[in-house]
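Residue-level listing of the chains:
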Amino acid sequence: MIEIRNITKSYDSTVVVDAVTLTLRRGGITSIIGPNGAGKSTLLSIIARLIPTDKGTVMVDGLDVARTAGEVLARRLSILRQDNHMTTRLTVRDLVAFGRYPYNKGRPTAQDQEHINKALAYLGLEDLGGRFLDELSGGQRQRAFVAMVLCQDTDYMLFDEPLNNLDIRHAVAMMKLLRDAARDFGKTVVVVLHDVNFASCYSDQIIVMRDGKLFLQGPPSEIIRPDTLQQTYGCPFEVHDLGGDRIAVYYA
Amino acid sequence: MPPETRPSGMVLSLMALAAVVCVVAFMTWGSRGNWSFVLPFRGTKLLALVLVAYAIAVSTVLFQTITNNRILTPAIMGFDWLYMLLQTLLVFGLGAATTSAIDPRWMFLIEVGTMTGFSLILYRFLFSGGVRDLHLLILIGVVFGTLFRSLSGFLQRLIDPNDFVVLQDRLFASFNTIDASLLLVSAVLVGLASLGALKIFHTLDVMALGRETAISLGVDHRRITMIVLILVTVLVSVSAALVGPVTFFGLLVANLAYILMPSAKHRYVLPAAVLLAIICLVGGQTVLERLFGFDTALSIIIEFAGGLFFILYLLKGASR
């Protein structure tokens, strides 16, 4: 369980995250949606201790992320940010192997190799294992980073816009993969998404942020409605029921 | 190319072999007379060259790892200019004759102490939370560097011309006039710094992935950055105090190491950079002494080659 209490973060006089309090239960996929500048990524970064908070606490399974040793948290919680540019030349396999660092401190065991192979296979990267990251397309690189996070094998996995750079096929595959990870291995997945319909079709729970504040929290059936979406994004929405999923239409 | 075709171990062995050849050539080539004189005489110089090569190579690679940038060298933090200002102040305040008369061991301690002290003050910003961003810290270093350089430039214009000549001589990195009495102190300092580096060695590869990934993988990014910065400061100060400022040399060997080593792991890159530095310094000094008969200073050649490499590297990066 992730308990977020009264988290506030401001840069100079601009409040980016404003007194957010919410609880994320174990298991399932939670999506965070909201307009640009709503504080979604900042909140995610604070949960993952990448950014210190000004006020409030984040507890992961009872551990305060600001006080717990990094290596302890690294075995419970992982995060993948949007932009992962890298100066070192690494092969895909080398990168994925870093996911085991919290467990082996750089000395891989036979068991680690198994984890690495599994993560590579899970993302269909077996053939690319020996390729260097700078020789890959944006989507392939994105999948290599996700494989690293899977390899870290933490209970909580946070992703900041994991669908960036992915074409439709890979975006769907990625969301299915996250759903499977949540279902099959009991992982808790938190994703920041821009695509409302991906959030609608794949999440167990949706969190809506607006102006740095927690606006709404609930299952897709409560959130994906014309009135709430309109209030969130400030433009007209239609919502249709298609094969059991709620699909928002906003192109008109 | 796949890593299998060019195993890192083999490349390292070849470099080690080349380094040994350079060392042997340096010790034996063109030696006439009594070995009991030649060996200690050249041995001291060799030790100094190796120490400097080691300090510069390790400090540059570590600095580039924590900054995630391959065209930065610790020199950018203003160390060299501080060294210059220190020398200028001494000559300006005490006069060339008195400065030259200072016991070199005291001089060495003053130099290393001032440079380490300066950077510790700078890094305190990181601790106190005033500056969270490493790049901002580096920028502050750059600004300080410019300030130091301007101050030295100003003082040098006021100085007695005779003193200025003495000063100018001190400001060129020289591998010929190394004081043997400083070697032991330097070796101890470098050894201590290396022990510190060994303790955090396993985090270095993770640090190279960038701040966010490193934190997600459980590395205390701020603490490691701090430790590395302190180690780098000690290494740079020692090398600057031993031979004077060298700007491009670290950049040259670090980047050559990245290019030549198939693996980016520090386990391979660090020894490669050290070996390359030894090859350049010891080999270069040998050629200079034996072939050109001391006609020119090694540091000038190395800085020239390093500068050329730097420009080529930038151009290559720009064309990508």
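Computed from a predicted model, the values in this text were never measured in an experiment.

1. Structural notes on the overall build of chain B
- For chain B, the helix and strand inventory stands at 14 helices and zero strands.
- Listing each helix as α and each strand as β along chain B from the N terminus yields α-α-α-α-α-α-α-α-α-α-α-α-α-α.
- The C-alpha radius of gyration computed for chain B amounts to 20 Å, which stays within 12% of the reference 20 Å derived for 320 residues, consistent with globular compactness.
- Considered along the principal axes of its C-alpha atoms, chain B spans approximately 55 × 50 × 40 Å.
- Looking at chain B residue by residue over its 320 residues, the buried ones come to 51%.
- Nonlocal contacts in chain B, meaning residues at least 24 apart in sequence, comprise 78% of its contacts between residues at least 6 apart.

2. Overview of the environment of phenylalanine 248 of chain B
Residues and elements named next belong to chain B.
- One can find phenylalanine 248 in the loop between helix H11 (221-243) and helix H12 (249-260).
- The exposure class of phenylalanine 248 is partly exposed, given its relative accessible area of 27%.
- Each C-alpha atom, one on phenylalanine 248 and one on serine 299, is 9.8 Å from the other, the two residues being 51 residues apart in sequence.
- Those residues in contact with phenylalanine 248 that sit more than four places away from it in its chain are Glu303, Gly306, Gly307 and Phe310.

3. Considering the nonpolar core
- Of all hydrophobic cores here, the largest spans 141 residues; its most connected members are Leu95 and Phe159 of chain A.
- When residues of this core are assigned to domains, at least three fall in each of domain 1 (2-76 + 154-249) and domain 2 (83-153) of chain A.
- If we skip the residues at most four places from it in the chain, leucine 95 of chain A touches Met86, Leu90, Leu133, Ala144, Phe145 and Met148 of chain A together with Leu209 of chain B.

4. Details of the sheet that holds strand S2 (residues 14-24) of chain A
All names here are of chain A.
- Reading across from one edge, S2-S1-S4-S5 is the order of the four strands in this open sheet, with antiparallel pairing throughout. Whereas interior strands pair on both sides, the edge strands pair on one side only; in this sheet they are S2 and strand S5 (63-64).
- With five bridges joining them, strand S1 (residues 2-11) and strand S4 (residues 55-60) adopt antiparallel strand pairing. Residue pairing across strands places isoleucine 4 opposite valine 58, the latter belonging to S4.
- Helix H1 (residues 40-47) rests against S1, S2 and S4 of the sheet, and its axis sits at about 120° to S1.

5. Notes on the interface of chain B and chain A
- Residue-level contacts link 22 residues of chain B with 27 residues of chain A.
- For the pair chain B and chain A, the summed buried surface comes to about 2,100 Å²; carbon and sulfur atoms form 58% of the total.
- Three residues stand out in chain B for area buried against chain A, namely Leu209, Ser216 and Leu217 of chain B, and they jointly supply 27% of the buried area on that side.
- One can count two salt bridges joining chain B with chain A.
- Taken together, the links from chain B to chain A amount to six residue pairs in polar contact (both at pLDDT 80 or more).

6. Thoughts on the packing of aromatic side chains
- A complete count under the given rule lists eight aromatic pairs over all chains for this structure.
- With a centroid separation of 6.0 Å and an interplanar angle of 35°, the aromatic rings of phenylalanine 198 of chain A and tyrosine 202 of chain A are classed as tilted. Of this pair, phenylalanine 198 of chain A and tyrosine 202 of chain A are both found in helix H8 (residues 196-202), four residues apart, which corresponds to roughly one turn of the helix. In this pair, the class of phenylalanine 198 of chain A matches that of tyrosine 202 of chain A, namely buried.
- Judged by centre distance (4.6 Å) and plane angle (35°), the rings of tyrosine 250 of chain A and tyrosine 251 of chain A are tilted.
- For tyrosine 250 of chain A, a relative accessible area of 29% corresponds to the partly exposed category.
- On the accessibility criterion, tyrosine 251 of chain A (66% relative accessible area) is exposed.
- Seen from the ring of phenylalanine 132 of chain A, arginine 89 of chain A lies directly overhead, with NZ or CZ sitting 3.9 Å from the centre.
- Taking the ring centre of tryptophan 81 of chain B as reference, the NZ or CZ of arginine 149 of chain B above it sits at 4.8 Å.

7. With respect to the UniProt feature "domain: ABC transporter" (unreviewed entry) in chain A
- Sequence positions flagged by UniProt for "domain: ABC transporter" (unreviewed entry) are, in local numbering, residues 2-236 of chain A.
- With 37% helix and 26% strand, the stretch residues 2-236 of chain A has end C-alpha atoms that lie 33 Å from each other.

8. Focus: the pairing of S1 of chain A
Residue and element names in this part refer to chain A.
- In the sheet, S1 pairs with S2 via seven bridges, with the strands oriented antiparallel. Paired with serine 10 across the bridge in S2 is valine 15.
- Joining the antiparallel neighbours S1 and S2 is a turn of two residues, in which aspartate 12 adopts a positive phi near 55°.

How each quantity is defined
Residues numbered from 1 in each chain as written. Chains lettered and ligands numbered in written order. Predicted model: local features only at pLDDT ≥ 70, side-chain atom pairs only at ≥ 80, totals over all residues. Heavy atoms only, no water. Helix = DSSP H or I, 4+ residues; strand = E, 2+ residues; numbered from the N terminus. Rg over C-alpha atoms; globule rule 2.2 N^0.38 Å. Buried < 20%, exposed > 50% of the residue type's maximum accessible area, 1.4 Å probe, protein only. Contact = heavy atoms within 4.5 Å. Core = buried A, V, L, I, M, F, W, Y, C linked by side-chain atoms within 4.5 Å. Domains from an automatic or database assignment. Pairing = 2+ DSSP bridges. Axes fitted to C-alpha atoms, helices over the stretch in contact; angles between N-to-C directions. Buried area = accessible area lost by both parts, 1.4 Å probe. Salt bridge = Lys/Arg side-chain N within 4 Å of Asp/Glu carboxyl O. Polar contact = N/O pair within 3.5 Å; in protein donor to acceptor, adjacent residues only side chain to side chain. Phe/Tyr/Trp six-rings, centres within 6.5 Å; stacked < 30°, edge-to-face > 60°. Lys NZ or Arg CZ within 6 Å of the ring centre and 35° of its normal. UniProt positions renumbered as here; feature names shortened; annotations may be inferred.

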